[in-house]
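Overview (structure and organization)
Here is what each chain is made of, one letter per residue.
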Amino acid sequence: MTTEFKELVKATIPILKENGVLLTKHFYERMFTYNPELKHVFNMGNQKNEKQQTALAMAVLAYAEHIEDPSVLLPVVNHIGHKHTSLDIRPEHYAIVGKHLIASIKEVLGDAATPKLLEAWTIAYNQLATLMSSHEQTIYNDQINKDGGWAGWRPFVIKEKIKESEEITSFYLYPSDGGNVADFKPGQFISLRLFLPELNLLQPRQYSISCAPNGIYYRISVKRETANAHPDGLISNRLHDHMKIGDLIDLSAPSGVFTLQDQKNKTKVFISGGVGQTPLMSMMESLISEEKLIQETQIKWIHGCRNERVHAFKNRLEELKNKYINIKQHIFYDTVESQNDNLYEGWVDLSQINDNILSENTEYYICGPSGFINKHYKYLIENNISKEKIHFEEFGPSTLNV
């Protein structure tokens, strides 16, 4: 890419900062008008709440800002690549997206979108698409080469459906072909897709795996969301109300970069809000599956939810806490109905915990809504915990910038 074209791309940075979401909203409306089949690929809930438009606007801006050295964005490329492979995104999808993105730039910017500028952004986009699709092919290859691995969609059968709380139900999913399933890194997610009669669409959703790797099945633990005909809650409600033992669901192979790290740090602090504990449950179950690891690892489990009735895995965690003296729990409820030494009233507040959770020889794992993550990430940074020790997962499209 020539210096002239790079400068043209960088010149659009102020416009992207000011009107990036306007551009991406126009882009998605245009693309779904001309290519409505892609509504089966994209999460229409994230279109409705505009999270996807915001995430794309941030990604386009970041690429423009780093056009001189796109390698800076490799961690972001890896994160997005795992999301894309979980949705079976292929190179032909990039061609469609590119066509509509360039057309949208022209339509939104009007006379400011000179032929030179459009040419610069076409080259820039094709460069990014090549980078992304090449990396995603590497991820697909890794998935295929695992024992029990696959790429694309594979039918699974629901063999168990267990209620974990008033809101959360676990689904035990086994491959319908009778084969094994690939192991995964604790903390990763799978995508599933169901047909939604309300939208007349196939719709994908991503759910964290909530069990340890076992080569036989995956477990997801799903919170029932309030639907009200909004796409956000339609899949969770369909799973809770309509999917029965014996029903089939299409799954993609495990993906994701929010994973349990190497065991160099002997203390793990798990911080979750609501259903955000599901990937952390996978990490916990993985640690206890190896006797040596659980004996050597100090675990601080910090969780917040509204009350005891919506607290999933409560009994399981009590069982583990009683079995292993190196597991400590700190639970926050909006309303506390009974007294307990490690039970707190209100939202999760790390400063209230008197358990030596701040230490450089510690890894921190945070999962929950973006505001929840921001709050605790900021607290840890302000207390001199290095960024490298803090790992987090934001549910939905990534909009955090920390």
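Residues numbered from 1 in each chain as written. Predicted model: local features only at pLDDT ≥ 70, side-chain atom pairs only at ≥ 80, totals over all residues. Heavy atoms only, no water.

**Topic: the sheet that holds strand β4 (residues 201-208)**
- Judged by pairing direction, the sheet is antiparallel, and its six strands sit side by side in the order β4-β3-β6-β1-β2-β5 without closing on themselves. The open sheet has two edge strands with one neighbour each: β4 and β5 (218-223). Pairwise comparison of adjacent strand axes, ignoring direction, gives a mean angle of 40° for this sheet.
- Examined bridge by bridge, strand β2 (residues 168-175) and β5 share six bridges and lie antiparallel to one another. Bridge pairing in β5 links Thr169 to Val222.
- Across the sheet, helix α5 (residues 74-86) touches β3 (189-196) and β4, and the angle it forms with β3 is around 40°. (Pairing = 2+ DSSP bridges. Helix = DSSP H or I, 4+ residues; strand = E, 2+ residues; numbered from the N terminus. Axes fitted to C-alpha atoms, helices over the stretch in contact; angles between N-to-C directions. Contact = heavy atoms within 4.5 Å.)

**As for the side chain of Arg205**
- If you trace the backbone, Arg205 turns up in strand β4.
- Looking at Arg205, the relative accessible area reads 7%, which means it is buried.
- A polar contact of 3.2 Å, which involves the side chain of Arg205, links it to the side chain of Asn43. (Buried < 20%, exposed > 50% of the residue type's maximum accessible area, 1.4 Å probe, protein only. Polar contact = N/O pair within 3.5 Å; in protein donor to acceptor, adjacent residues only side chain to side chain.)

**A few points about the sheet that holds strand β12 (residues 390-394)**
- An order of β10-β9-β8-β7-β11-β12 is seen for the six strands of this open sheet, with the pairing classed as parallel. The outermost strands of the open sheet, each flanked by one partner alone, are β10 (343-345) and β12. Geometrically, the sheet is characterised by an average inter-axis angle of 15° between neighbouring strands, direction not taken into account.
- Strand direction decides the pairing type here: strand β9 (residues 327-333) and β10, joined by three bridges, are parallel.

**Describing the side chain of Ser221**
- Take Ser221: it is sitting in strand β5.
- Among the polar contacts listed, one links the side chain of Ser221 to the side chain of Ser210, at a separation of 2.8 Å.
- Excluding its chain neighbours within four sequence positions, the residues that come into contact with Ser221 are Ile168, Thr169, Ser170, Ser208, Ser210, Val275, Thr278 and Phe313.

**Concerning the packing of α5 against helix α7 (residues 115-145)**
- Relative to each other, α5 and α7 sit at 60°, their axes nearing to 9 Å. As judged from the angle between their axes, α5 and α7 are oblique. Judged by the sense of rotation from one axis to the other, the crossing of α5 with α7 is right-handed. Contacts from Leu74, Val77, Asn78, Ile80, Gly81, His82, His84 and Thr85 of α5 reach α7 at Leu131, Met132, His135, Glu136, Ile139, Tyr140 and Gln143.
- When its residues are assigned to classes, the contact of α5 with α7 shows seven nonpolar, seven polar and one charged. (Parallel < 35°, antiparallel > 145°, perpendicular 65-115°, else oblique. Left-handed = near helix turned anticlockwise from the far one by under 90°. Nonpolar A, V, L, I, M, F, W, Y, C, P; charged D, E, K, R; others polar.)

**Considerations on the packing of aromatic side chains**
- Counted under the stated rule, the structure contains 15 aromatic pairs.
- Consider the rings of Tyr28 and Phe32, whose centres lie 6.0 Å apart with planes at 25°: the pair is stacked. Pair noted here: Tyr28 and Phe32 are both in helix α2 (residues 13-34), with a separation of four residues, about one helical turn.
- On the basis of an interplanar angle of 65° and a centroid distance of 5.8 Å, the ring pair of Phe270 and Trp301 is categorised as edge-to-face. In this pair, Phe270 sits in strand β7 (residues 267-273) while Trp301 sits in strand β8 (residues 298-305), placing the two residues 31 residues apart along the sequence.
- Given the relative accessible area of 0%, Phe270 is considered buried.
- Judged by its relative accessible area of 0%, Trp301 is buried.
- Counting every residue linked through ring pairs, the aromatic cluster contains Phe27, Tyr28, Phe32 and Phe42.
- Taking the ring centre of Trp150 as reference, the NZ or CZ of Arg154 above it sits at 4.9 Å. (Phe/Tyr/Trp six-rings, centres within 6.5 Å; stacked < 30°, edge-to-face > 60°. Lys NZ or Arg CZ within 6 Å of the ring centre and 35° of its normal.)

Keep in mind these values describe shape, not function.
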